[in-house]
Amino acid sequence: MAQEVVRGFVLREVPVGDHDRILDILTREHGLITGSARACRRTRSPMLAATQVFALSDFSLSTRQGRIRIDQADLVMSFIDLQSDWTRLVCAAHLSEVFLDCLRDDTEQPDLYPLWAYAMGALIDKEKDPVLMTHTCAMNLMKRAGYEPRLESCVLCDRDMPPHRFSHALCGLVCSRHQEADTWRSSVPLTDGLLSLMRHCVQAPVERLFAYSATEPVVSRFCLIADQYVNERMEKHYQRLDMLRSDDPLLREWVRPGKSQPDSP
């Protein structure tokens, strides 16, 4: 990369020294790039707002000795609404962490840029549940990262015989033909509505991904399944959403991996 102007979302900003920042930026053209912005934290810096976390900005970049330097940044959208809503801010921070774990520097992953863009739009939409939108995005991200669960037929016999259960260990459905197996007993029961929601979150195009409604019991169980699925596939316990559980009645119903789970929504 020589000199170039790219548009991107700031997924993470790390203060350096008194006035600088290191930015992880998600771009359509180059996937994730990491660059340094000098003096951008000064009060009168023209790059102050454009280099804050979650901002969408146009960045003028140059490469020197293999390192990317941000020479100029022009704010396109600040997503300032996230800063005034604790729940939405925590959800955005959680998503950025999962995205960063799925992204690699210098790898073109153009499908993740629109996914993040639509997710941010959903998070600032006051009519949408930010926690539900977060897990919707995370499940779709798992598919794009190569961890798509099998939701069309049984992972054991390739048949579709309801009732269904979802096995985290097998990453997919287990049908009623296996009711005597340990896999069946250790899996999670699914209602038709819950299975439909899971299929939507994995299969829907990004333009329609966040446009749906669901009942509270379905939302509660879906959040539980998605939370555990992401943690297990990424082999990491993401902790940011834990901060919301004492405030959100839906989140208080979640069960962490390893704890007992109710048999029905």
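The rules behind each value
- Residues numbered from 1 in each chain as written.
- Predicted model: local features only at pLDDT ≥ 70, side-chain atom pairs only at ≥ 80, totals over all residues.
- Heavy atoms only, no water.
- Helix = DSSP H or I, 4+ residues; strand = E, 2+ residues; numbered from the N terminus.
- Expected span 1.5 Å × (residues − 1).
- Buried < 20%, exposed > 50% of the residue type's maximum accessible area, 1.4 Å probe, protein only.
- Core = buried A, V, L, I, M, F, W, Y, C linked by side-chain atoms within 4.5 Å.
- Contact = heavy atoms within 4.5 Å.
- pLDDT = per-residue confidence, 0-100.
- Axes fitted to C-alpha atoms, helices over the stretch in contact; angles between N-to-C directions.
- Parallel < 35°, antiparallel > 145°, perpendicular 65-115°, else oblique.
- Left-handed = near helix turned anticlockwise from the far one by under 90°.
- Nonpolar A, V, L, I, M, F, W, Y, C, P; charged D, E, K, R; others polar.
- Polar contact = N/O pair within 3.5 Å; in protein donor to acceptor, adjacent residues only side chain to side chain.
- Pairing = 2+ DSSP bridges.

Visitor: Tell me about helix 6 (residues 216–234), and please be specific about residues and values.
Guide: Working note: α-helix, 3.6 residues per turn, so residues spaced by three or four point in the same direction. Taking 1.5 Å as the rise per residue, helix 6 with 19 residues should run 27 Å; its terminal C-alpha atoms sit 27 Å apart, in good agreement. Within helix 6, 16 of the 19 residues are buried, which leaves the element mostly enclosed by the surrounding structure. With its phi angle positive at about 55 degrees, Glu235 sits one or two positions after the end of helix 6.

Visitor: Now, about the nonpolar core: what can you tell me, with residues and values included?
Guide: With 64 residues, the main nonpolar core has Leu11, Phe99, Leu115, Trp116 and Phe222 as its most contacted residues. When residues of this core are assigned to their parent elements, the largest contribution, 10 residues, is made by helix 6. Discounting chain neighbours no more than four positions away, the residues touching Phe99 are Leu11, Leu26, Leu112, Leu115, Trp116, Cys137 and Leu141. Grouped together as the second largest cluster of nonpolar side chains are 14 residues, Val10, Ile25, Ala50 and Phe59 included.

Visitor: Describe the confidence of the model for the chain, naming the residues involved and giving the relevant values.
Guide: On average, residues of the chain score 90 in pLDDT, and 90% of them are at 70 or above. Low pLDDT, under 50, characterises residues 251–265; the predicted model gives this stretch 39 contacts beyond four residues in sequence or across chains.

Visitor: Talk me through the packing of helix 3 (residues 130–144) against helix 6; I want residue IDs and the actual numbers.
Guide: Between helix 3 and helix 6, the shortest axis-to-axis distance is 9 Å and the interhelical angle comes to 40 degrees. The angle between helix 3 and helix 6 places the two elements in the oblique class. The interaxial crossing formed by helix 3 with helix 6 has left-handed handedness. Counted together, Val131, Leu132, His135, Thr136, Ala138, Met139 and Met142 of helix 3 and Val219, Phe222, Cys223, Ala226, Asp227, Tyr229, Val230, Arg233 and Met234 of helix 6 form the full contact between these two elements. For the contact of helix 3 with helix 6, the residue count by class is 12 nonpolar, 2 polar and 2 charged.

Visitor: Residue-level account of the side chain of Ser57, with values.
Guide: With respect to the helices and strands, Ser57 occurs in strand 4 (residues 56–64). Among the polar contacts listed, one links the side chain of Ser57 to the backbone oxygen of Ala50, at a separation of 2.7 Å. Once you skip the residues sitting within four places of it in the chain, Ser57 turns out to touch Val6, Arg7, Gly8, Ala50, Asp74, Leu75 and Val76.

Visitor: Could you give an account of the sheet that holds strand 8 (residues 172–174), naming the residues involved and the relevant values?
Guide: If you walk across this open sheet you meet the 4 strands as 6-8-7-9, and the pairing is mixed. Looking at strand neighbours, the two that pair on one side only are strand 6 (150–154) and strand 9 (188–189), the edges of this open sheet. Pairing of strand 6 with strand 8 involves 2 bridges; the strand directions are parallel. By the bridge assignment, Arg150 is partnered in strand 8 with Gly172. On top of the sheet, helix 5 (residues 192–203) reaches strand 6, strand 7 (165–167), strand 8 and strand 9; it is set at about 125 degrees to strand 6, its chief contact.

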